[in-house]
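# Chains, contacts and geometry: an overview
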Amino acid sequence: MLSVLIAHERSGAPSAEINDEVAWMSEGCGATFNTFTDYVSAKTSVSVTGVESCDFLSEYLTLEAVRLLHQDGLCSDTAEAAVPPATATQQPGGGIAWNQAIDYAGTTQRVCGPLAGGGNDYDDVFLNLGRDYPDPSRFQIVVWDIGSLEPIDGGRTLCASGVITLHEGVAQIELHDPSAIEIY
């Protein structure tokens, strides 16, 4: 199943063609689903940040996902040593990186990360940083009761401040005012 989905992804097939398989995989094949979501998320991230060291990526992704990225030339054994994960001093205006936010649940923080996707549910807007839905390791900015937002280009860095809460294991900050989101 994974090889079929990877082939579809590599061919640029519309996501609608593979949604059923991905949904089935998310319920019945956790490890395969994690590999696929790691691969797709990293593929998107590499298009923004450039080729990374495979060793660096293996700290964050499944080894199978790193192998697939290596096959695609999206990580390299010869890439210069990658920069360590973003820290507070590396975020625009300070703060913590999206992938560190879960460690700060229950505290008030400023969190920044690249926009990986988003969506609406009635009048609520969900912005996913670092990785897109349904990846459980994403960071989410939730803006309640606003209807919609002006489109934001994927890959732009967003920052938001507030109390970090967890919803079904996903770290998030909840807002009521979209002007509280900083876009870089």
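Above this text sits the structure in question.
Notes on the structure in this doc start here. (Residues numbered from 1 in each chain as written. Predicted model: local features only at pLDDT ≥ 70, side-chain atom pairs only at ≥ 80, totals over all residues. Heavy atoms only, no water.)

## Some remarks on unusual backbone geometry
For clarity, the threshold we go by: Secondary structure elements follow DSSP: runs of H or I no shorter than four residues count as helices, runs of E no shorter than two count as strands, and numbering proceeds from the N terminus. Buried residues are those whose accessible area, probed at 1.4 Å on protein chains only, stays under 20% of the maximum for their type, while exposed residues exceed 50% and partly exposed ones sit between those limits.
The amide bond that connects Tyr133 to the next residue, Pro134, takes the cis arrangement and shows omega of 15°. In this structure, Pro134 sits in the loop between strand 5 (124–129) and strand 6 (139–143). The phi angle at Tyr122 is positive, at roughly 60°, despite the residue not being glycine. Residue Tyr122 is classed as exposed on the basis of its relative accessible area, which comes to 77%.

## A look at the layout of surface pockets
Quick note on the threshold: Both cavities and pockets are sets of points on a 1 Å grid over the protein atoms alone; in a cavity a 1.4 Å probe fits but cannot get out, in a pocket the set is open with protein on both sides within 12 Å along at least five of seven lines, and lining residues sit with an atom within 4 Å of a point. Grid points are joined across faces, edges and corners, and a volume is the space filled by probe spheres set on the points. All amino acids are sorted into three groups, where Ala, Val, Leu, Ile, Met, Phe, Trp, Tyr, Cys and Pro are nonpolar, Asp, Glu, Lys and Arg are charged, and the leftover types, Gly among them, are polar.
Its volume calculated, the second largest pocket comes out at about 260 Å³. The set of elements that each furnish at least two residues to the lining of the second largest pocket consists of strand 6 and strand 8 (170–175). Residues that form the lining of the second largest pocket fall into these classes: 7 nonpolar, 3 polar and 2 charged.

## Looking at the state of the cysteines
Stated precisely, the cut-off is as follows: Note on disulfides: each one is a pair of cysteine sulfur atoms within 2.5 Å.
Here the structure, examined in full by the defined rule, presents 1 disulfide. Covalently, Cys112 is tied to Cys159 through a disulfide, its sulfur atoms 2.0 Å apart. Judged by the torsion about the S-S bond (115°), the Cys112/Cys159 disulfide is right-handed. Of this pair, Cys112 sits in strand 4 (residues 108–121) while Cys159 sits in strand 7 (residues 157–167), placing them 47 residues apart in sequence.

## Regarding the pattern of salt bridges
Applicable threshold: Salt bridge, as used here, is a side-chain nitrogen of Lys or Arg placed within 4 Å of a carboxyl oxygen of Asp or Glu.
Following the criterion strictly, the structure yields 3 salt bridges and no others. Two residues, Glu182 and Arg110, come together in a salt bridge whose shortest N-O distance is 2.7 Å. Of this pair, Glu182 sits in strand 9 (residues 182–183) while Arg110 sits in strand 4, and the two are 72 residues apart along the sequence. With a closest N to O distance of 3.4 Å, Asp135 and Arg131 form a salt bridge. One exposure class covers both Asp135 and Arg131, and it is buried.

## Let's talk about the side chain of Arg110
Selection criterion: Counting of polar contacts relies on pairs of N or O atoms within 3.5 Å, with two restrictions inside protein: one atom must be capable of donating a hydrogen and the other of accepting it, and residues adjacent in sequence are counted only when both atoms are side-chain atoms. Contacts between residues were defined by any pair of non-hydrogen atoms, one from each residue, lying within 4.5 Å.
Accessibility expressed as a relative area gives 15% for Arg110, which makes it buried. Within polar-contact distance, the side chain of Arg110 engages the backbone oxygen of Pro92 at 2.3 Å. Among residues more than four places away in sequence, those in contact with Arg110 are Pro92, Gly93, Gly94, Gly95, Ile96, Cys159, Ala160, Ser161, Glu182 and Tyr184.

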